[in-house]
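These are the residues of each chain, in order.
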Amino acid sequence: MRAIRGLWRWRRNPLRRATDMAEAWVALVALVLVTVAAPVIGCLVGVAAQDSLQRSVREQQHSRHLVTATVVRGLGRAPTETDPDTGTAHDVRSRVLADWTAPDGTRQHGAALANLKSPHAGDHFRLWTDPHGRITTRPLDSPTATTHAVLAGFGAALLTVGLVESGRRLIVWRMVRRRYARWDQAWDRAGPDWGKAGTGS
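Along each chain, the written sequence defines residue order, and numbers are assigned to residues from 1. It should be noted that, the model being predicted, local features are given only for residues of pLDDT at least 70 and side-chain atom pairs only at 80 or more, the latter also being counted only at that level, while totals for whole chains, interfaces and linings use all residues. To obtain the side-chain values, all non-hydrogen atoms of the structure were included, while hydrogens and water were left out.

**Focus on the overall build of the protein**
Our working definition: We count a stretch as a helix when DSSP gives it H or I for four or more residues in a row; a strand needs E for two or more, and each element gets its number in order from the N terminus. Using a 1.4 Å probe on the protein chains alone, a residue whose accessible area is under 20% of its type maximum counts as buried, one over 50% counts as exposed, and one in between counts as partly exposed. Here, two residues are considered to be in contact whenever any of their heavy atoms come within 4.5 Å of each other.
Looking only at helices and strands, the protein features three helices and four strands. Scanning the protein from its N terminus toward the C terminus, one meets helices and strands in the order α-α-β-β-β-β-α. Scored against the burial criterion, the 201 residues of the protein give a buried share of 25%. Expressed as a percentage of contacts within the protein between residues at least 6 apart in sequence, the contacts between residues at least 24 apart total 64%.

Rendered as structure tokens:
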């Protein structure tokens, strides 16, 4: 908004200074960058993030497998975990000792998290593993990846706007400081004779 207000200096005015025109040019450049460059950068970042994340989705869906595990015995209630991708923050999960078969056919045995309230020996549950049976997180899904890409694009656009506005403010601040320095120099030159007869004041 300040960049837009800075454009008022374009109007004709006999008191308009060269620095006023310079500030108007700075405001115009900032306005163009905010309205054109920021959306373009946001789109480019969003597209790049979408390509990268969708590639990760395909890789994870290919390399992660959902297998059925069998409870050997319970190990107690697991602490609550927040998984933003699944929205299962309120699911009850228990730590159990379990057996499962890896996608490559090897038998696995170890601790795992089961979405069972009261696990008993012989209960079955599902868990995600890599091809060798090591427990891993569920793969990223395509809609979640798209959401993250959109947020990355918006973030890049907002960051660009912030950088442009910060640059504009810094330039204007330096111009104002320079203007005040010139005024101080002018007052220093005029000061000794100010108000004396015959000095034209």
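**Let's talk about the pairing of strand β2 (residues 94–101)**
Here is the rule we go by: Should DSSP find at least two bridges between two strands, the strands are regarded as paired.
Bridge analysis of β2 against strand β3 (residues 107–114) gives eight bridges, and the strand direction is antiparallel. In the sheet register, L97 faces β3, and the bridge partner there is A111. Hairpin connection of β2 to β3: five residues between the antiparallel strands, including G105 at a positive phi of 95°.

**Thoughts on the confidence of the model for the protein**
We count it as follows: Confidence per residue, as judged by the predictor, is encoded in pLDDT with a range of 0 to 100.
Averaged over every residue, the pLDDT of the protein is 82; residues scoring 70 or more account for 77%. Averaged over each element, pLDDT in the protein is lowest for helix α1 (residues 2–5) (51) and highest for strand β4 (residues 124–129) (93).

**Focus on the pattern of salt bridges**
To keep things clear, this is the line we draw: Salt bridge, as used here: a side-chain nitrogen of Lys or Arg that lies within 4 Å of a carboxyl oxygen of Asp or Glu.
For the structure shown, the criterion picks out three salt bridges. A salt bridge links R134 to D130; its shortest N-O distance comes to 2.9 Å. For E165, the salt bridge goes to R168, with nearest N and O atoms at 3.0 Å. Of the two residues, E165 and R168 are both situated in helix α3 (residues 142–190); the distance of three residues between them amounts to about one turn of the helix. Through salt bridges that share partners, E165, R168 and R169 make up one connected network.

**What about the side chain of R64?**
Counted only if it meets this: Polar contact is the term for a pair of N or O atoms within 3.5 Å; when the atoms are in protein, one must be able to donate a hydrogen and the other to accept it, and sequence-neighboring residues count only if both atoms are side-chain atoms.
You can see R64 is positioned in the loop between α2 (18–63) and β1 (65–77). Engagement of the side chain of R64 in a polar contact is seen with the side chain of T137, the distance being 2.9 Å. In this structure R64 touches W128, T129, T136, T137, R138 and P139, once residues within four positions along its chain are discounted.

**With respect to the side chain of T144**
Relative to the helices and strands, T144 is located in helix α3. A polar atom in the side chain of T144 sits 2.7 Å from the side chain of D141.

**Some points on the nonpolar core**
Where we set the bar: We define the nonpolar core as a collection of buried residues of types Ala, Val, Leu, Ile, Met, Phe, Trp, Tyr and Cys that are connected through side-chain atoms lying within 4.5 Å of one another.
In this structure, V67, A69, V71, V96, A98, W100, A112, A114, L116, F125 and L127 together form the largest nonpolar core, which totals 11 residues. Elements represented by at least two residues in this core include exactly β1, β2, β3 and β4.

**Let's talk about α3**
Convention followed: The span expected for a helix works out to 1.5 Å for each residue beyond the first.
In this model, α3 (49 residues) spans 72 Å end to end at C-alpha, consistent with the 72 Å of a helix rising 1.5 Å per residue. For α3, the set of buried residues is T144, A145, A149, G153, A156, A157, T160, V164, R168, V172, M175 and R179.

**Concerning the environment of Q50**
Along the chain, Q50 falls in helix α2. Separated by 99 residues in the primary sequence, Q50 and A149 place their C-alpha atoms 5.0 Å from one another. Setting aside residues no more than four positions away along its own chain, Q50 makes contact with A145, T146 and A149.

**Side note on the environment of P119**
Looking at where P119 falls in the secondary structure, it is placed in the loop between β3 and β4. Apart from residues lying up to four places away in sequence, P119 is in contact with V71, S94 and V96.

**Considerations on the environment of V26**
Within the element layout of this structure, V26 appears in helix α2. In this structure V26 touches R168, I171, V172 and M175, once residues within four positions along its chain are discounted.

**Notes on a nonpolar patch on the surface**
Note the cut-off: Patch membership needs two things, relative accessible area over 30% and no salt bridge, and members are linked within 9 Å if like-charged or within 5 Å if nonpolar (Val, Leu, Ile, Met, Phe, Trp, Tyr). The method behind every accessible area is Shrake-Rupley, applied with a 1.4 Å probe, and residues are considered shielded solely by the protein chains displayed.
The grouping of V32, V36, V40 and L44 at the surface amounts to a nonpolar patch, some 350 Å² of accessible area in total. Considering the arrangement of structural elements, one finds V40 in helix α2.

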